[in-house]
Amino acid sequence: MACFECQSGLVLQSETGEEVCGQCGLVLGESEVSLGEESVSFTPEEESERSRCGPAPKLVRVDKGLTTTMNAHDNKTRVLRRRQNTLFSANERNLSKAFDVLELLSGKLHIPKSFEEEAASLYRKAVKAGITDGRSIVLIATSCFYITCRINNIPRSISEFCEIIGKTEHEVGRDTRIITSTFDIRLPLVNPKILVSRFANRLNLSQKTQNLALSFLSNGRTKGLLVGKEAKSFASASLYMASKQLREYRTQNNFAKVCNVTHITLRRRCRELEKCLG
């Protein structure tokens, strides 16, 4: 197609969606969708007001954030809003309760929102697969979050999740095995090195002590000492030995409380590390 004024070729401007003559600048069409911004914005408030689309869908919302929120100040809209809130199906009520649990866990354990979204996606898959039928919503949601943390190597133990929701490790572990077997998820082993810095910060130990504890763990791993044993027990034992060697004394009771291990386990792992290191 040529310009009817100067018979020269047309140029399509992708930002504005207009067909413009390359010679005289005559605008001949506006049929294309404009991909550019609405107008120039200088503040986040102006950007949100002038945006052509809403926020990205959120999996932690029952409706993924795509519903219309009605104003409650008007009497008519107040009635519509109340009716809208009562139209939730059983599946939506299930998701609403589960996402409240995920939000609680994310806030208490200081886990980023991106991993909360990933846990919500896994929970939605569990609902579609029928795993939640006849089971506790709180336990399934907690298990999904624990699996997400394990996959992304976030140092959170199962006991920390159980302490928040008031359930036992056996219950959360049972539902975790059900989910992993259903979706064929292989959880990576917990690396004790990830736990060392976390425990050391709680015990106010220096970076030098952390580095020495990490060297103990590296030597134990090369000799196969860590295979089949709980990661937090070896992390606490290596820190305890390093703190004693560098004279940053902490009691066994302090380590037991912070690392959530018993005194007997701590002493046993210390003896194993000492024997391994010679």
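Further up the page is the structure itself.
Presented here is an overview of the structure given in this document. (Residues numbered from 1 in each chain as written. Predicted model: local features only at pLDDT ≥ 70, side-chain atom pairs only at ≥ 80, totals over all residues. Heavy atoms only, no water.)

This brings us to the overall build of the protein chain. For the protein chain, the count of helices and strands is 12 helices and 3 strands. Per-residue burial over the protein chain gives 35% buried out of 278 residues. Approximately 17100 Å² of the protein chain is accessible, and the part contributed by carbon and sulfur atoms is 51%. (Helix = DSSP H or I, 4+ residues; strand = E, 2+ residues; numbered from the N terminus. Buried < 20%, exposed > 50% of the residue type's maximum accessible area, 1.4 Å probe, protein only. Areas by Shrake-Rupley, 256 points an atom, 1.4 Å probe, with all protein chains shown as cover.)

Let us now look at the environment of Arg61. Considering the arrangement of structural elements, one finds Arg61 in the loop between helix 1 (44–50) and helix 2 (75–85). Owing to a relative accessible area of 40%, Arg61 belongs among the partly exposed residues under this scheme.

Now for helix 11 (residues 252–259). Inspection of helix 11 places Phe255, Ala256, Val258 and Cys259 among the buried residues, and these make up the whole buried set. Buried residues along helix 11 sit in contact with helix 8 (192–202), helix 10 (231–245) and helix 12 (263–277). (Contact = heavy atoms within 4.5 Å.)

Turning to its location among the elements, Arg124 is positioned in helix 4 (residues 113–128). Linking Arg124 and Leu95, residues 29 residues apart in sequence, is a C-alpha distance of 7.7 Å. Once residues lying within four places of it in the same chain are set aside, the contact partners of Arg124 are Leu59, Arg61, Val62, Lys64, Leu95 and Phe99.

Generally speaking, soluble globular proteins have nonpolar side chains that are buried together. In this structure, Ile111, Tyr123, Phe145 and Phe161 are the most contacted members of the largest nonpolar core, which totals 33 residues. Those elements that place two or more of their residues in this core are helix 3 (90–109), helix 4, helix 5 (137–151), helix 6 (158–165) and helix 7 (169–182). No other element matches the 10 residues that helix 5 contributes to this core. Those residues in contact with Tyr123 that lie beyond four places of it in its chain are Asn94, Leu95, Ala98, Phe99, Thr132, Ile137, Ile140, Ala141 and Cys144. By size, the runner-up hydrophobic cluster in this structure holds 28 residues, among which are Val196, Leu205, Leu225 and Cys270. (Core = buried A, V, L, I, M, F, W, Y, C linked by side-chain atoms within 4.5 Å.)

At a minimum axis separation of 10 Å, helix 10 and helix 11 run at an interaxial angle of 150°. With respect to each other, helix 10 and helix 11 are oriented roughly antiparallel. Crossing hand, helix 10 versus helix 11: right-handed. Contacts from Lys232, Ser236, Leu239, Tyr240 and Ser243 of helix 10 reach helix 11 at Gln252, Phe255 and Cys259. Tallied by class, the residues present in the contact of helix 10 with helix 11 amount to 4 nonpolar, 3 polar and 1 charged. (Axes fitted to C-alpha atoms, helices over the stretch in contact; angles between N-to-C directions. Parallel < 35°, antiparallel > 145°, perpendicular 65-115°, else oblique. Left-handed = near helix turned anticlockwise from the far one by under 90°. Nonpolar A, V, L, I, M, F, W, Y, C, P; charged D, E, K, R; others polar.)

Here we take up the side chain of Asn94. Inspection of the secondary structure puts Asn94 in helix 3. Once residues lying within four places of it in the same chain are set aside, the contact partners of Asn94 are Tyr123, Thr132 and Ile137.

Enumeration over the complete set of coordinates arrives at 7 salt bridges. When the shortest N-O distance is used, the salt bridge between Arg174 and Asp175 registers 3.4 Å. Overlapping salt bridges bring together Glu160, Arg198 and Arg202 as one network. (Salt bridge = Lys/Arg side-chain N within 4 Å of Asp/Glu carboxyl O.)

A positive phi is found at His110, a non-glycine position, where the angle reads about 60°. Topologically, His110 is positioned in the loop between helix 3 and helix 4. Of note in this structure, Asp184 is not a glycine but carries a positive phi near 55°. Mapped onto the secondary structure, Asp184 falls in the loop between helix 7 and helix 8.

Another aspect to go through is the packing of helix 10 against helix 12. Each pair of packed helices gets described by two things: the angle between the helix axes and the distance between those axes. Running from N to C, helix 10 and helix 12 point in directions that differ by 70°, and their axes come no closer than 9 Å. What the angle tells us is that helix 10 and helix 12 run roughly perpendicular. Considering the relative orientation of helix 10 and helix 12, their crossing is right-handed. In contact with Ser233, Phe234, Ser236, Ala237, Ser238, Tyr240 and Met241 of helix 10, helix 12 contributes Thr265, Leu266, Arg269, Cys270, Glu272, Leu273, Glu274 and Leu277. Class assignment for the residues of the contact of helix 10 with helix 12 results in 8 nonpolar, 4 polar and 3 charged.

Moving on to the packing of aromatic side chains. Summed over the entire model, instances satisfying the criterion amount to 4 aromatic pairs. Arranged with centres 6.2 Å apart and planes meeting at 55°, the rings of Phe145 and Phe161 form a pair that is tilted. With Phe145 in helix 5 and Phe161 in helix 6, this pair connects stretches of sequence that are 16 residues apart. Considered together, Phe145 and Phe161 belong to a single accessibility category, that of buried residues. (Phe/Tyr/Trp six-rings, centres within 6.5 Å; stacked < 30°, edge-to-face > 60°.)

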